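Structural overview
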Amino acid sequence: MDKDRIYGTAKEFAGKAEGAVGDAMGDKDTQAAGRVREAAGAVQDLYGQAKDTVRDAADTAANYAKDAYEHRGETVRSGQKAMAQAVQDNPLGALLIAGGIGFALALLMSRQPRRPPPRWRYYG
């Protein structure tokens, strides 16, 4: 758990308490300060949750990549089997995709090379 989540929850709770005290005493300034502290705590808590989510996603991606690297032969074989099954299930779609990729590669390979832009020289 991220420290921002802990601090944010504490601020939010303190803001609620301060707002309740302001309500009980009828003090508008204390009520407003409590609402502001409560909102700031909620924002800090959400920020901590977002950091936790990003950290968890990065850890999951790293673990997945590590597992795929360690079992790369099995991963490639299972990918080949899945590809073969997809082609068997939908041969026309596979043919259209392969044709599109071939067309795109032909376009890329037949383009004229880029010329460098002209160099301007200013003499002054």
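It should be emphasised that the depicted structure is a prediction, and the values quoted were computed from it without experimental measurement.

**Here we look at the confidence of the model for the protein chain**
Here the protein chain shows a mean pLDDT of 87. Residues at 70 or above account for 97%. Taking the mean pLDDT of every element in the protein chain, the minimum, 87, falls on helix 3 (residues 72-89) and the maximum, 92, on helix 4 (residues 91-110).

**Examining the pattern of salt bridges**
If you walk through the whole model with that rule in mind, you get 6 salt bridges. The partner of Asp-45 in a salt bridge is Arg-5, with the nearest N and O atoms 3.9 Å apart. With Asp-45 in helix 2 (residues 28-70) and Arg-5 in helix 1 (residues 3-25), the pair connects residues that are 40 residues apart, well separated along the chain. Judged by relative accessible area, which is 13%, Asp-45 ranks as buried. Arg-5 is the salt-bridge partner of Asp-52, the closest N and O atoms lying 3.1 Å from each other. Here Asp-52, found in helix 2, pairs with Arg-5, found in helix 1; they are 47 residues apart in sequence, far enough to count as distant. Judged by its relative accessible area of 8%, Asp-52 is buried. Within the structure, one salt-bridge network assembled from shared partners comprises Arg-5, Asp-45, Asp-52 and Arg-55.

**Here's the deal with the environment of Gly-19**
Examined against the element boundaries, Gly-19 turns out to sit in helix 1. Taking C-alpha positions, Gly-19 is 21 Å from Arg-5, a pair spaced 14 residues apart along the chain.

**Here we look at the packing of helix 1 against helix 2**
Running from N to C, helix 1 and helix 2 point in directions that differ by 160 degrees, and their axes come no closer than 7 Å. Looking at the two axes, helix 1 sits roughly antiparallel to helix 2. Crossing angle aside, the handedness with which helix 1 passes helix 2 is left-handed. Residues that form the contact of helix 1 with helix 2 fall into these classes: 5 nonpolar, 12 polar and 13 charged.

**Description of the side chain of Gln-31**
Looking at where Gln-31 falls in the secondary structure, it is placed in helix 2. Engagement of the side chain of Gln-31 in a polar contact is seen with the backbone oxygen of Gly-22, the distance being 3.3 Å. At 2.7 Å, the side chain of Gln-31 forms a polar contact with the side chain of Asp-23. Each residue touching Gln-31, except ones within four places of it in the same chain, is listed here: Gly-19, Gly-22 and Asp-23.

**A short note on the packing of aromatic side chains**
Counted by the stated rule, this structure contains 0 aromatic pairs. Stacked on the ring of Tyr-69, the Lys or Arg Arg-72 has its end atom at 4.6 Å from the ring centre.

Conventions adopted
Residues numbered from 1 in each chain as written. Predicted model: local features only at pLDDT ≥ 70, side-chain atom pairs only at ≥ 80, totals over all residues. Heavy atoms only, no water. pLDDT = per-residue confidence, 0-100. Helix = DSSP H or I, 4+ residues; strand = E, 2+ residues; numbered from the N terminus. Salt bridge = Lys/Arg side-chain N within 4 Å of Asp/Glu carboxyl O. Buried < 20%, exposed > 50% of the residue type's maximum accessible area, 1.4 Å probe, protein only. Axes fitted to C-alpha atoms, helices over the stretch in contact; angles between N-to-C directions. Parallel < 35°, antiparallel > 145°, perpendicular 65-115°, else oblique. Left-handed = near helix turned anticlockwise from the far one by under 90°. Nonpolar A, V, L, I, M, F, W, Y, C, P; charged D, E, K, R; others polar. Polar contact = N/O pair within 3.5 Å; in protein donor to acceptor, adjacent residues only side chain to side chain. Contact = heavy atoms within 4.5 Å. Phe/Tyr/Trp six-rings, centres within 6.5 Å; stacked < 30°, edge-to-face > 60°. Lys NZ or Arg CZ within 6 Å of the ring centre and 35° of its normal.

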